[in-house]
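# Structural characterization, general
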Amino acid sequence: MLFVVFTVGLAAPETTDFFGIQNANFSKELLSKTKIFHFQGDIDYEKLGYIHKIMMLIVKKFRVDRKRSEERTDENRAFLETYGKKVDFVNQSAIKPLIDYVRKLLT
């Protein structure tokens, strides 16, 4: 059996290390049978519900703000630049490798 998984988030897939997240959520056995695709999405802080706003505030205050500027990653800096704003990183053509992969599986 083979699994195809895709994620959508604000982090740039080209510069983000998803290794830790993948290992925390998938066993080694399952990872060996899984093809994962990562995509960038969008966010509008004004449209977030109360719980999600609190979650984003916690990330900002306890994960990013506490780091010294020289310890912050590019992802941390991008988070701070976009925090509280409406941003859209969606690239619809980025889904092509996923579509091609699934089509190849079905043939």
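This text follows the structure it describes.
Throughout this document, residue positions are counted from 1 along each chain, in the order its sequence is written. Totals for whole chains, interfaces and linings use every residue, but because this is a predicted model, local features are given only for residues with pLDDT of at least 70 and side-chain atom pairs only at 80 or more, for both listing and counting. Side-chain numbers here rest on the full set of heavy atoms in the structure, without hydrogens or water.

### Considering the overall build of the protein chain
In this text, helices come from DSSP runs of H or I with a minimum length of four residues, and strands from runs of E with a minimum of two, each type numbered from the N-terminal end. Looking only at helices and strands, the protein chain features five helices and four strands. If you list the helices and strands of the protein chain from N to C, you get β-α-α-β-β-α-α-β-α. For 107 residues, the compact-globule formula gives about 13 Å, and the C-alpha radius of gyration of the protein chain, at 16 Å, lies well above that figure. Principal axes of the C-alpha set define a box for the protein chain whose edges measure 50 × 30 × 25 Å. Across the 107 residues of the protein chain, 21% fall into the buried class. In short, Shrake-Rupley with a 1.4 Å probe defines the accessible areas, and a residue's cover is counted only from the protein chains shown. Of the roughly 8400 Å² that the protein chain leaves accessible, carbon and sulfur atoms contribute 57%. On the protein chain, the mean spot of the 18 positive side-chain charges and the mean spot of the 14 negative ones are 3 Å from each other. Between the two quantities, the radius of gyration covers C-alpha atoms and the globule rule is 2.2 Å times the number of residues to the power 0.38. The cut-offs for exposure are 20% and 50% of the maximum accessible area for each residue type, with area from a 1.4 Å probe on protein chains only; residues under the lower value are buried, those over the upper are exposed, and the others partly exposed. Counted as positive: Lys and Arg. Counted as negative: Asp and Glu. His and the chain ends are not counted at all. Just so you know, the charge point we use is NZ for Lys, CZ for Arg, CG for Asp and CD for Glu.

### Let's talk about the nonpolar core
For our purposes a nonpolar core is just a set of buried Ala, Val, Leu, Ile, Met, Phe, Trp, Tyr and Cys residues, chained together by side-chain atoms within 4.5 Å. Membership of the largest hydrophobic core is limited to six residues, which are I43, Y45, M56, V64, F79 and V87. For this analysis, residues touch if any pair of their heavy atoms sits within 4.5 Å. Those residues within four positions of F79 in sequence are excluded, and the remaining contacts are Y45, M56, V59, K60 and V64.

### Points about the packing of aromatic side chains
Two rings belonging to Phe, Tyr or Trp (six-membered ring only in the last case) form a pair when the distance between their centres is within 6.5 Å. Interplanar angles under 30 degrees mark stacking, angles over 60 mark edge-to-face geometry, and anything in between is tilted. A complete count under the given rule lists four aromatic pairs for this structure. Through successive ring pairs, a cluster of aromatic residues spans Y45, F79 and Y83. We call a charge positioned over a ring when the NZ of a Lys or the CZ of an Arg lies within 6 Å of the ring centre and within 35 degrees of the ring normal. Seen from the ring of Y101, K35 lies directly overhead, with NZ or CZ sitting 5.8 Å from the centre.

### Describing the layout of surface pockets
The method works on a 1 Å grid over the protein atoms by themselves. A cavity is a set of points holding a 1.4 Å probe that cannot get out, a pocket is an open set with protein on both sides within 12 Å along at least five of seven lines, and residues with an atom within 4 Å of a point line them. Grid points are joined across faces, edges and corners, and a volume is the space filled by probe spheres set on the points. When its volume is computed, the largest pocket comes out at roughly 1000 Å³. What lines the largest pocket is a set of 38 residues, among which L10, A11, V59, E75 and F79 lie closest to the centre. Of all the secondary structure elements, the ones that give two or more residues to the lining of the largest pocket are β1 (3-9), α1 (19-25), β2 (34-40), α3 (50-64) and α4 (74-82). When residues in the lining of the largest pocket are grouped by element, the largest group, seven residues, is from α4. Polar here means any residue other than Ala, Val, Leu, Ile, Met, Phe, Trp, Tyr, Cys and Pro, which are nonpolar, and Asp, Glu, Lys and Arg, which are charged; Gly is therefore polar. Of the residues in the lining of the largest pocket, the class split is 20 nonpolar, twelve polar and six charged.

### Points about the pattern of salt bridges
Salt bridges are identified by distance alone: a Lys or Arg side-chain nitrogen within 4 Å of an Asp or Glu carboxyl oxygen. For the coordinates displayed, the defined rule picks out six salt bridges. Note that K60 is salt-bridged to D65, the shortest N-O span being 3.0 Å. Take D65: its relative accessible area is 28%, and that puts it in the partly exposed class. Among the ionic pairs, K96 bridges to D100, the shortest N-O distance being 2.7 Å.

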